[in-house]
Amino acid sequence: MKRNAPAMTASAVLLGAALAWPVGGCGRKEGVAPIRSHFNRGVKQFDDRQWDAAAASYRRAIADEPDDRRARFNLSVTLELAARDATDAAQAAALRDQALAELMELLERHPDDERALLNVAAMTAEREGPEAGEAYYQTALQAHPRSAEARAAYANFLLRQDRADDAAAQAELALASDAGSFAGTVALGDAKLRQGDLDAAAKAYAKALATAPDQPVVLRTMAQLEFERGRPAEAQVHVRRALLIDPEDPGLHRLAGQIAEQQGQTEQAVYHRWQARDLEPDPERAEQDRQTLARLYERLAATD
Amino acid sequence: MNAYTKHELVTGTFVVIAAAIFTLFAFNILDLDLRLGSDVEPARFTAEFTDVGSLTVGDKVVFGGTEVGKVTAIQIKLVELGEDQAAALNLRGSQPPARAGQRAQVIEVGFEVDDPSLRLDPATASVFISRTGLLGRDTLALDPGRLTEDAQPIVELLAGDPMAYSISGQERLGFDGLLARAGPILSAAQSTLDNFNDRVLTDDNTDSIRAILTQVKSATARAEEFLTAAEETSVALRELTGDVQTRIDQGWPRTREAIESIAELAANLEAQVQRISDEAVEVLDVAEAMVNENRPELAEATRRLRRTLFEAELLARKVRSNPSILVFGDDDPLLDAELSDEAWLLRSGRAQPYLQRDERP
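Residues numbered from 1 in each chain as written. Chains lettered and ligands numbered in written order. Predicted model: local features only at pLDDT ≥ 70, side-chain atom pairs only at ≥ 80, totals over all residues. Heavy atoms only, no water.

**Quick notes on the overall build of chain A**
For step 1, the next point in the chain: When helices and strands are counted, chain A shows 16 helices and zero strands.
For step 2, the next point in the chain: Evaluated residue by residue, chain A yields a buried proportion of 46% over its 304 residues.
For step 3, the next point in the chain: As presented, chain A carries roughly 15,500 Å² of accessible surface, and 51% of it is formed by carbon and sulfur atoms. (Helix = DSSP H or I, 4+ residues; strand = E, 2+ residues; numbered from the N terminus. Buried < 20%, exposed > 50% of the residue type's maximum accessible area, 1.4 Å probe, protein only. Areas by Shrake-Rupley, 256 points an atom, 1.4 Å probe, with all protein chains shown as cover.)

Structure (structure tokens):
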């Protein structure tokens with residue numbers, strides 16, 4: 001028995017190593033790490049638009065660590081998106097209240113939390129009016145004066161109030177803080193577009209596209225811009241790319257239909273209008289699409 | 001000779017009993033017959049298939065879910081293809097296409113039927129390969145064919161006959177076959193839908209279409225009336241013309257009066273033609289307007305039907321590639337991306353959510 005002891009020990013070590021290899025993740029490749037925490041699971045579920053599941057995961061993360069500001073903030077965003085998709089108005093209102101309550105809880109623990117302040121500002125502006133909301137944006141900017149994200153969010157708020165000049169100034173400040181800020185670049189493009197400076201807007205969007213080439217937000221805006229500049233072929237390139245990424249956006253289909261119609265591609269226009277009408281949740285817009293479709297069909301019948 | 005102690009005998013007995021129990025258990029698990037010899041002489045058959053799937057020797061032969069025999073042999077055989085066999089090969093994409101009468105290799109399955117009560121008609125009986133469950137094994141399913149009142153049990157009839165009777169083997173369709181058969185139908189349906197986009201009726205426009213049809217029917221009835229009247233008028237005109245000719249020839253004094261009558265009839269006829277023509281144009285206008293007006297609904301119905309066909313085909317392909325989704329469900333979404341939420345968050349003045357944390361130890 002004793003003679004075999006070294007061999008048995010070696011065998012045991014080898015066996016242990018073989019078992020430990022996959023368990024310990026020695027052979028794990030980057031990017032395929034298993035999700036272990038509730039927070040990361042929540043992010044995955046959020047990306048999959050499983051709002052209920054994501055909210056549950058974030059709640060578990062908060063239960064594990066009540067001071068987890070990231071989980072609480074993401075929970076609030078998730079609840080807002082769930083409210084946006086809810087069909088029942090009362091349920092949507094309740095979800096929005098919960099979202100705001102989570103942010104308030106977060107601000108009680110961390111009064112200068114940038115993202116919480118920005119989202120409370122947006123929600124307050126929608127609930128109580130722009131003045132009340134702007135106060136929160138000012139607070140966020142006082143706490144984080146060099147934050148490009150905060151400036152960009154404020155610029156977007158100003159754009160919603162039709163204050164394009166102020167928005168452009170805030171976007172410029174955002175880019176002064178961080179020249180590569182995607183949100184700041186898009187906000188600048190939006191502001192320039194609102195001011196009627198199409199070339200400057202196109203320049204800003206091109207820069208944003210260079211930063212994030214697969215952002216449907218920018219692709220759509222770029223397509224709209226090129227269309228308005230009388231360059232439908234260029235617009236069509238952007239809108240097609242955007243549709244590849246986000247094929248269920250009714251606005252994109254509507255724009256693609258407009259572009260196709262202007263180019264005399266009536267059948268393409270009909271196709272996109274159909275998609276827009278089918279995907280559009282707003283009945284009034286869907287009715288407008290129906291009327292446009294009827295007109296397009298008359299045109300098709302006339303050309304047959 | 002060794003003398004065994006009591007202790008050894010008891011231990012040995014337990015070992016033997018345990019071995020016997022395990023043997024019984026193993027036979028039961030493997031569904032094997034413990035009888036060393038059967039008093040039933042089985043009837044032997046063969047059947048040909050172009051594809052036997054996972055069927056192997058020893059698999060069950062079943063009738064109505066009851067085991068009546070087992071597969072005894074599977075071998076390749078060179079035969080002249082029948083029409084069904086050629087069609088089955090072509091459904092699986094045989095290149096070049098197989099033809100009936102062409103020599104080709106098929107699979108011959110030999111099987112025995114040992115159920116003493118089973119009656120079957122070898123001339124009309126057939127077998128086909130069936131799967132007992134989604135994850136189960138293939139079995140050979142038996143269709144006993146047409147039976148007469150005085151038919152004898154097959155085991156009794158063929159007892160002791162060493163020759164195997166040949167039974168028709170029905171080819172399994174499978175998902176490939178289903179898709180191959182459904183493909184042209186789907187294409188035809190799609191083509192029809194494309195070509196007759198505006199002829200699909202929906203609940204919404206049934207009333208409108210019915211109104212059009214009623215008007216068309218009414219116009220048709222009026223057209224028939226008109227044609228009858230025109231024919232009568234034409235006859236009358238011919239008679240009158242002949243009469244007038246005769247009278248003129250005879251120097252009838254009232255020729256002018258007759259000619260005036262003809263002119264009156266002609267004018268009357270023209271008025272009728274105009275009226276019918278106007279009505280027809282009106283009906284066509286209404287029909288055109290209704291079709292144009294309802295075309296979006298018709299096209300939507302078409303689009304939804306086409307989408308349903310697409311999803312049905314997609315499901316068939318998924319099930320073919322992974323039948324377990326029927327048992328465990330399918331949480332694989334359709335290949336359509338969801339709406340982007342980034343635009344809303346960005347442009348509403350909100351901050352983006354946090355991304356995943358690094359979990360590396």
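From this point on, the discussion continues.
**Looking at the overall build of chain B**
For step 1, the next point in the chain: If you tally the helices and strands in chain B, you get eight helices and eight strands.
For step 2, the next point in the chain: Considering chain B as a whole, with its 361 residues, one finds that 26% of them fall into the buried category.
For step 3, the next point in the chain: Taking as baseline every contact in chain B between residues at least 6 positions apart, the subset at least 24 positions apart corresponds to 73%.
For step 4, the next point in the chain: Of the roughly 23,700 Å² of accessible surface on chain B, a fraction of 56% belongs to carbon and sulfur atoms. (Contact = heavy atoms within 4.5 Å.)

**Notes on the packing of helix α10 (residues 182-195) of chain A against helix α12 (residues 216-228) of chain A**
Residue and element names in this part refer to chain A.
For step 1, the next point in the chain: Running from N to C, α10 and α12 point in directions that differ by 20°, and their axes come no closer than 12 Å. Considering the angle they form, α10 stands roughly parallel to α12. The two elements α10 and α12 cross, and the hand of that crossing is left-handed. Residues Phe182, Val186, Asp190 and Leu193 of α10 lie in contact with α12, whose contacting residues are Val218, Thr221 and Leu225.
For step 2, the next point in the chain: Within the contact of α10 with α12, the residues separate by chemical class into five nonpolar, one polar and one charged. (Axes fitted to C-alpha atoms, helices over the stretch in contact; angles between N-to-C directions. Parallel < 35°, antiparallel > 145°, perpendicular 65-115°, else oblique. Left-handed = near helix turned anticlockwise from the far one by under 90°. Nonpolar A, V, L, I, M, F, W, Y, C, P; charged D, E, K, R; others polar.)

**Some words on the pattern of salt bridges**
Residues and elements named next belong to chain A.
For step 1, the next point in the chain: Scanning the model with the defined rule gives 27 salt bridges over all chains in all.
For step 2, the next point in the chain: Taking the shortest distance from any N to any O, the salt bridge between Arg194 and Asp162 comes out at 3.1 Å. Of this pair, Arg194 sits in helix α10 while Asp162 is found in the loop between α8 (148-160) and α9 (164-177), placing the two residues 32 residues apart along the sequence.
For step 3, the next point in the chain: A cluster of three or more residues bridged by salt bridges with shared partners is formed by Asp199, Glu226, Arg229, Arg231 and Glu234. (Salt bridge = Lys/Arg side-chain N within 4 Å of Asp/Glu carboxyl O.)

**Points about the nonpolar core**
For step 1, the next point in the chain: Among the nonpolar cores identified, the biggest contains 53 residues, and Phe39, Phe46, Tyr58, Phe73, Leu118 and Tyr137 of chain A are the most heavily contacted of them.
For step 2, the next point in the chain: The contact partners of Phe46 of chain A, leaving out residues within four places of it in the chain, are Trp51, Ala54, Tyr58, Val77, Thr78 and Leu81 of chain A together with Pro353 of chain B.
For step 3, the next point in the chain: Formed by 26 residues, the second largest nonpolar core is a distinct cluster that contains Val186, Tyr205, Met222 and Ala242 of chain A. (Core = buried A, V, L, I, M, F, W, Y, C linked by side-chain atoms within 4.5 Å.)

**Some words on the packing of helix α5 (residues 89-109) of chain A against helix α6 (residues 114-128) of chain A**
Residue and element names in this part refer to chain A.
For step 1, the next point in the chain: The interhelical angle for the contact between α5 and α6, taken along N-to-C directions, is 140°, at an axis separation of 10 Å. Taken together, α5 and α6 sit at an angle that is classed as oblique. Viewed along their axes, α5 and α6 form a crossing whose handedness is left-handed. Judged by residue contacts, Arg96, Asp97, Ala99, Leu100, Leu103, Met104, Leu106 and Leu107 of α5 engage Ala116, Leu117, Asn119, Val120, Met123 and Arg127 from α6.
For step 2, the next point in the chain: Residues of the contact of α5 with α6, tallied by class, amount to ten nonpolar, one polar and three charged.

**What to know about the pairing of strand β6 (residues 138-143) of chain B**
All names here are of chain B.
For step 1, the next point in the chain: Where burial is concerned, most of β6 is hidden: five out of the six residues are buried.
For step 2, the next point in the chain: Alignment of strand β2 (residues 60-63) against β6, held across two bridges, turns out to be parallel. When the sheet's bridge partners are listed, Val61 is paired in β6 with Leu140. (Pairing = 2+ DSSP bridges.)

**With respect to the side chain of Glu261 of chain A**
For step 1, the next point in the chain: Considering the arrangement of structural elements, one finds Glu261 of chain A in helix α14 (residues 250-262).
For step 2, the next point in the chain: Those residues in contact with Glu261 of chain A that lie beyond four places of it in its chain are Ala269, Arg295, Leu296 and Arg299 of chain A.

**Thoughts on the confidence of the model for chain A**
Do not read the predicted coordinates in detail wherever pLDDT is low.
For step 1, the next point in the chain: Taken over all residues, the pLDDT of chain A has a mean of 84, while the share at 70 or more is 88%.
For step 2, the next point in the chain: Counted against residues more than four places away or in other chains, residues 17-33 of chain A, with its pLDDT under 50, gives eight contacts. (pLDDT = per-residue confidence, 0-100.)

**Re the pairing of strand β1 (residues 43-49) of chain B**
All names here are of chain B.
For step 1, the next point in the chain: Of all seven residues that make up β1, five are buried, and the element is covered over most of its length.
For step 2, the next point in the chain: As paired strands, β1 and strand β4 (residues 103-113) are joined by seven bridges and run antiparallel to one another. Paired with Ala43 across the strands is Val113, a residue of β4.
For step 3, the next point in the chain: Looking at chain direction, β1 and strand β7 (residues 165-166) are connected through two bridges and run parallel. Residue Thr46 lies in a different strand from β7, and its bridge partner there is Ser166.

**A closer look at unusual backbone geometry**
For step 1, the next point in the chain: A positive phi angle is found at Asp162 of chain A, which is not glycine, with a value near 60°.
For step 2, the next point in the chain: Judged by its relative accessible area of 62%, Asp162 of chain A falls in the exposed class.

**A short note on the packing of aromatic side chains**
For step 1, the next point in the chain: As enumerated under the stated definition, the model contains seven aromatic pairs over all chains in all.
For step 2, the next point in the chain: Aromatic pair Phe73 of chain A and Tyr354 of chain B: ring centres 5.7 Å apart, planes at 80°, arrangement edge-to-face. Highlighted residues: Phe73 of chain A in helix α4 (residues 69-85) and Tyr354 of chain B in the segment after α8 (342-347), drawn from two different chains.
For step 3, the next point in the chain: Given a relative accessible area of 15%, Tyr354 of chain B falls into the buried group.
For step 4, the next point in the chain: Taking 5.5 Å as the distance between ring centres and 25° as the angle between the ring planes, the aromatic pair formed by Phe45 of chain B and Phe111 of chain B counts as stacked. Of this pair, Phe45 of chain B sits in strand β1 while Phe111 of chain B sits in strand β4; the two residues are 66 residues apart in sequence, bridging distant segments of the chain.
For step 5, the next point in the chain: Exposure remark for Phe45 of chain B: the relative accessible area of 1% places this residue in the buried category.
For step 6, the next point in the chain: Counting every residue linked through ring pairs, the aromatic cluster contains Tyr137, Tyr154 and Phe157 of chain A.
For step 7, the next point in the chain: The ring of Tyr354 of chain B is capped by Arg115 of chain A, whose NZ or CZ atom sits 3.9 Å from the centre of that ring. (Phe/Tyr/Trp six-rings, centres within 6.5 Å; stacked < 30°, edge-to-face > 60°. Lys NZ or Arg CZ within 6 Å of the ring centre and 35° of its normal.)

**A few points about the confidence of the model for chain B**
Residue and element names in this part refer to chain B.
For step 1, the next point in the chain: Per-residue pLDDT for chain B averages 66, and the proportion of residues at 70 or more is 41%.
For step 2, the next point in the chain: Across residues 195-202 the pLDDT falls below 50, and counting only partners more than four positions away or on other chains, this stretch makes 16 contacts in the model.
For step 3, the next point in the chain: Scored below 50 in pLDDT, residues 333-340 shows 17 contacts in the model against residues more than four places distant or in partner chains.
For step 4, the next point in the chain: Scored as a complex, the prediction yields pTM 0.44 and ipTM 0.73.

**Some points on the environment of Pro97 of chain B**
Residue and element names in this part refer to chain B.
For step 1, the next point in the chain: Looking at the secondary structure, you find Pro97 in the loop between α2 (83-91) and β4.
For step 2, the next point in the chain: Put simply, Pro97 and Ala87 are ten residues apart on the chain and 8.9 Å apart in space, counted from C-alpha to C-alpha.
For step 3, the next point in the chain: Leaving out residues up to four positions away in the same chain, Pro97 has contacts with Asn90 and Gln102.

**Let's talk about helix α7 (residues 130-143) of chain A**
All names here are of chain A.
For step 1, the next point in the chain: The end-to-end C-alpha distance of α7 is 20 Å, a good match for the 20 Å that 14 residues give at a rise of 1.5 Å each.
For step 2, the next point in the chain: All buried positions along α7 are accounted for by Gly133, Glu134, Tyr137, Ala140 and Leu141. Looking down the long axis of α7, one finds its buried residues gathered within 115° of arc, a one-sided arrangement. Exposed and facing more than 90 degrees away from the buried side of α7 are Glu131 and Gln142.
For step 3, the next point in the chain: Elements that come into contact with the buried residues of α7 comprise α6, α8 and α9. (Expected span 1.5 Å × (residues − 1). Arc of directions from axis to C-beta.)

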